[in-house]
Amino acid sequence: MTNFAVNIGRSFGSGGHEVGKLLAAELNWNFYDDELIKMAAIKSGFSEELFKANDEKRSLITTRVFDYFPGTSGTVNVNNTPAVMSEEYLFKINSDVMKKLSEESNSVFIGRCADYILRDSAKCINVFCYAPKNFRIKNVVERLGVDESKADKLISKGDRSRALYYSKFTDKKWCAAESYHLMIDTSILGIKGTVEFLKVYVEERIMTHR
């Protein structure tokens, strides 16, 4: 039987990462967020930093992909082996890793166009977590230890980065209702309440496929 995948898109500061991690623990499923970067690096033999710079969170990082290899115009040397790099190539590596993981077990994936990548290789349950700005600012302040002004800027940058990444590699619009099966405001039930709600939803969805 094809495994299930819960793919969680999220606005910055809404708590989507925490929701996904707790949901995976409740379901006893595998959980993948930044772990995908390490796995993609291992698969390709390239540096984790290269993938981080091409990740959906890259607007929060000052360096770009090819800043690690100045003067190369995209041609890099890894272990003395020339290779022509592109964002699309790195995305394909990430996609291949994600597909392989989804084939091995039931999983929860955070962001990175998982709903689009796994549309043909897993029984997908696509969720988008969002919340009002004041809730997100409070969450970012507590999580990152920054002031409210900095938190507000990080939220704007984070949302913009995720939207650009999603639109670049899919034919859908980030945070648009038609791209997901369920959109949920995490401020209504809180993080733990949202997890409890999603667990019931996921279990019901699985039952309807049997």
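Further up the page is the structure itself.
Residues numbered from 1 in each chain as written. Predicted model: local features only at pLDDT ≥ 70, side-chain atom pairs only at ≥ 80, totals over all residues. Heavy atoms only, no water.

**Here's the deal with the nonpolar core**
Rules: To define a nonpolar core, start from buried Ala, Val, Leu, Ile, Met, Phe, Trp, Tyr and Cys residues and group those joined through side-chain atoms within 4.5 Å. Relative accessibility decides the category of a residue: with a 1.4 Å probe and only protein chains considered, values under 20% of the type maximum give buried, values over 50% give exposed, and everything between is partly exposed. Here a helix means four or more residues in a row that DSSP labels H or I, a strand means two or more in a row labelled E, and each is numbered from the N terminus. Here, two residues are considered to be in contact whenever any of their heavy atoms come within 4.5 Å of each other.
L36, F51, M98, F109, C113 and L118 are the most contacted members of the largest nonpolar core, which totals 29 residues. At the level of secondary structure, the elements contributing two or more residues to this core comprise α2 (35–44), α3 (48–53), α4 (87–104), α5 (114–117), β6 (123–130) and α7 (148–169). When residues of this core are assigned to their parent elements, the largest contribution, 6 residues, is made by α4. In contact with M98, not counting residues within four places along its chain, are L36, F109, R112, A114, I117 and L118. In terms of nonpolar packing, the next biggest core, distinct from the first, is built from 20 residues, V19, F31, C129 and I184 among them.

**Here's the deal with the pairing of β6**
Note the threshold: Paired strands, in this sense, are two strands between which DSSP finds at least two bridges.
Burial analysis of β6 places 6 of its 8 residues in the buried class, which makes it a mostly covered element. Direction of pairing for strand β1 (residues 4–10) relative to β6: parallel, over a ladder of 7 bridges. Its bridge partner lying in β6, I8 is registered against V127. In terms of strand pairing, β6 meets strand β7 (residues 182–185) through 4 bridges, oriented parallel. From the neighbouring strand, C129 faces β7, where its bridge partner is I184.

**Notes on the sheet that holds β6**
Note the threshold: In this description, a line fitted to the C-alpha atoms serves as the axis of each element, helices being fitted only across the stretch in contact, and the angle between N-to-C directions of two axes falls anywhere from 0 to 180 degrees.
Reading across from one edge, β2-β5-β1-β6-β7 is the order of the 5 strands in this open sheet, with parallel pairing throughout. Here the strands that pair on one side only, and so sit at the sheet edges, are β2 (30–32) and β7. In this sheet, neighbouring strand axes are inclined to one another by 20 degrees on average, regardless of whether the strands run parallel or antiparallel.

**So, the environment of L189**
Within the element layout of this structure, L189 appears in helix α8 (residues 186–208). The contact partners of L189, leaving out residues within four places of it in the chain, are T194 and F197.

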